[in-house]
Amino acid sequence: MASILNGIISIGYSDYWGYDVNTQTIIENPGKIKWCELDRIETNPQGTTFRFEITGENEKRIFSQIKDFSQTKFEEGVHKEWFLEGLSEPEYDYYRIDADDAVNVSYLTYIYRDIVELYPSFPYGGRWFGFERVFKEPYSGENKRILDNFRKDIYKQLSAYGCDNAYYFPDQGFGERLYEYINHTTNEWVDFMQSRSYICDDCEDLLIFNMSDYLSGEIILSPGQNIICIIDDFADFRD
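This structure is a prediction, so every number in the text was calculated from the model and none was measured. (Residues numbered from 1 in each chain as written. Predicted model: local features only at pLDDT ≥ 70, side-chain atom pairs only at ≥ 80, totals over all residues. Heavy atoms only, no water.)

Explanation requested: the overall build of the protein in the structure shown.
Helix and strand content of the protein: nine helices and twelve strands. Principal-axis analysis of the C-alpha atoms gives the protein an extent of 70 × 45 × 30 Å. Taken over 239 residues, the protein has a buried fraction of 39%. Split by element, the accessible area of the protein, about 13500 Å² in all, is 48% carbon and sulfur. Between the centroid of the 22 positive side chains of the protein and the centroid of its 43 negative side chains there is a distance of 5 Å. (Helix = DSSP H or I, 4+ residues; strand = E, 2+ residues; numbered from the N terminus. Buried < 20%, exposed > 50% of the residue type's maximum accessible area, 1.4 Å probe, protein only. Areas by Shrake-Rupley, 256 points an atom, 1.4 Å probe, with all protein chains shown as cover. Lys, Arg positive; Asp, Glu negative; His and termini not counted. Charge placed at Lys NZ, Arg CZ, Asp CG, Glu CD.)

So what exactly am I meant to see when it comes to the sheet that holds strand S12 (residues 226–232) here?
Pairing between the strands of a sheet is mediated by backbone hydrogen bonds and can be parallel or antiparallel. Spatial ordering of the open sheet is given by S10-S12-S11, a layout of three strands whose pairing is mixed. Here the strands that pair on one side only, and so sit at the sheet edges, are strand S10 (166–168) and strand S11 (206–210). Adjacent strand axes in the sheet meet at a mean angle of 10 degrees when their direction is disregarded. Strand contacts of helix H7 (residues 186–195): S10, S11 and S12, with the helix running at about 145 degrees to S12, the strand carrying the most contacts. (Pairing = 2+ DSSP bridges. Axes fitted to C-alpha atoms, helices over the stretch in contact; angles between N-to-C directions. Contact = heavy atoms within 4.5 Å.)

What is the right way to look at the state of the cysteines in this model?
As used in these notes, a disulfide is a covalent bond between sulfur atoms, one from each of two cysteines. Taken as a whole and judged by the stated rule, the model has one disulfide. Through a disulfide, cysteine 200 is tied to cysteine 203; the S-S separation comes to 2.1 Å. Between cysteine 200 and cysteine 203 the sulfur-sulfur dihedral comes to about 40 degrees; the bridge is accordingly right-handed. Since its relative accessible area comes to 12%, cysteine 203 is described here as buried. (Disulfide = S-S within 2.5 Å.)

Help me out: how do you make sense of the packing of aromatic side chains in this one?
Any two aromatic rings considered together are summarised by their centre-to-centre distance and by the angle between their planes. Scanning all chains against the criterion turns up 23 aromatic pairs. With a centroid separation of 5.6 Å and an interplanar angle of 80 degrees, the aromatic rings of phenylalanine 122 and tryptophan 128 are classed as edge-to-face. Accessibility classification places phenylalanine 122 together with tryptophan 128 in one group, the buried group. Aromatic pair phenylalanine 131 and phenylalanine 150: ring centres 5.2 Å apart, planes at 50 degrees, arrangement tilted. Note that phenylalanine 131 is positioned in helix H4 (residues 128–134) and phenylalanine 150 in helix H5 (residues 141–160), a separation of 19 residues in sequence. You can call phenylalanine 131 buried: its relative accessible area is 0%. Assessed through its relative accessible area of 7%, phenylalanine 150 is described here as buried. Cluster of aromatic residues (ring-pair linked, three or more members): Phe122, Trp128, Phe131, Phe135, Tyr139, Phe150, Tyr168, Phe209 and Tyr214. The ring of tyrosine 124 carries arginine 133 above its face, with NZ or CZ at 3.8 Å from the centroid. Sitting above the plane of the phenylalanine 237 ring, arginine 151 keeps its charged end 4.7 Å from the centroid. (Phe/Tyr/Trp six-rings, centres within 6.5 Å; stacked < 30°, edge-to-face > 60°. Lys NZ or Arg CZ within 6 Å of the ring centre and 35° of its normal.)

How should I be thinking about the pairing of S12 in this particular structure?
Remember that side chains alternate between the two faces of the sheet whenever the strand is regular. Of all seven residues in S12, six are buried; the element is thus mostly enclosed. Of the pairings in the sheet, the one linking S10 to S12 comprises three bridges and is antiparallel in character. Paired with tyrosine 168 across the two strands is isoleucine 230, which belongs to S12. Bridge count between S11 and S12: five bridges; the pairing is parallel. Note that in S12 the partner of leucine 207 across the bridge is isoleucine 227.

Would you take a moment to explain unusual backbone geometry for this structure?
Across the chain, the bulk of peptide bonds are trans and the bulk of non-glycine residues have phi less than zero. Even without glycine at this site, glutamine 24 takes up a positive phi of about 55 degrees. Mapped onto the elements, glutamine 24 comes out in the loop between strand S2 (17–20) and strand S3 (25–28). Classification of glutamine 24 by relative accessible area gives partly exposed; the value is 28%. The phi dihedral of phenylalanine 234 is positive, around 55 degrees, even though this residue is not glycine. You can see phenylalanine 234 is positioned in the loop between S12 and helix H9 (235–238). On the basis of relative accessible area, phenylalanine 234 is assigned to the buried category, the value being 0%.

Written as structure tokens, this is what we have:
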């Protein structure tokens, strides 16, 4: 992954929590949170630094210092349930990855059991409705340039994480149900997405289609149509 990302991978955790041994109190570190690096891989010292945060590492290190958890106190304002949640073995969430490079391209990624979740900045304003706008115009000119640059960045990240396809969908509305299902295997998630069981019966204007159909000109959305999911296999990049 480091060689494909062409930068620096810093593996560690953020110290959201602290522990006062003398008072046996778990405290928060608002405004003082620092990155605690455990390992580093560099393929390009001048490249982007990608922080791979290990889920629950901060909580587990604090817990290892506690001799009797029943005597442990929590500082006022500390969300005890959040700390305990971090202690539990994650069901499917392994790494949280974020980075900001020199040209202000932001990355926020979660690696799960079988699915990688990216948080891209969509074209035309960075939100889903702006992304939909792309597919209501022909694949040419400025629209083609914007979509090509967006997909190149997604494909770069996808390749680094060993993924084959991208599925673009909103994380609000009916798409929120797709987001909640992300802890399943890829096949289970795709079957659920294709079933449309999470969409109301009269929402035929919410489309699922392949990116290749738009690139070839077979699909251009009409003003009243919207998207629930686009499947992108990047076949045009691999050819």
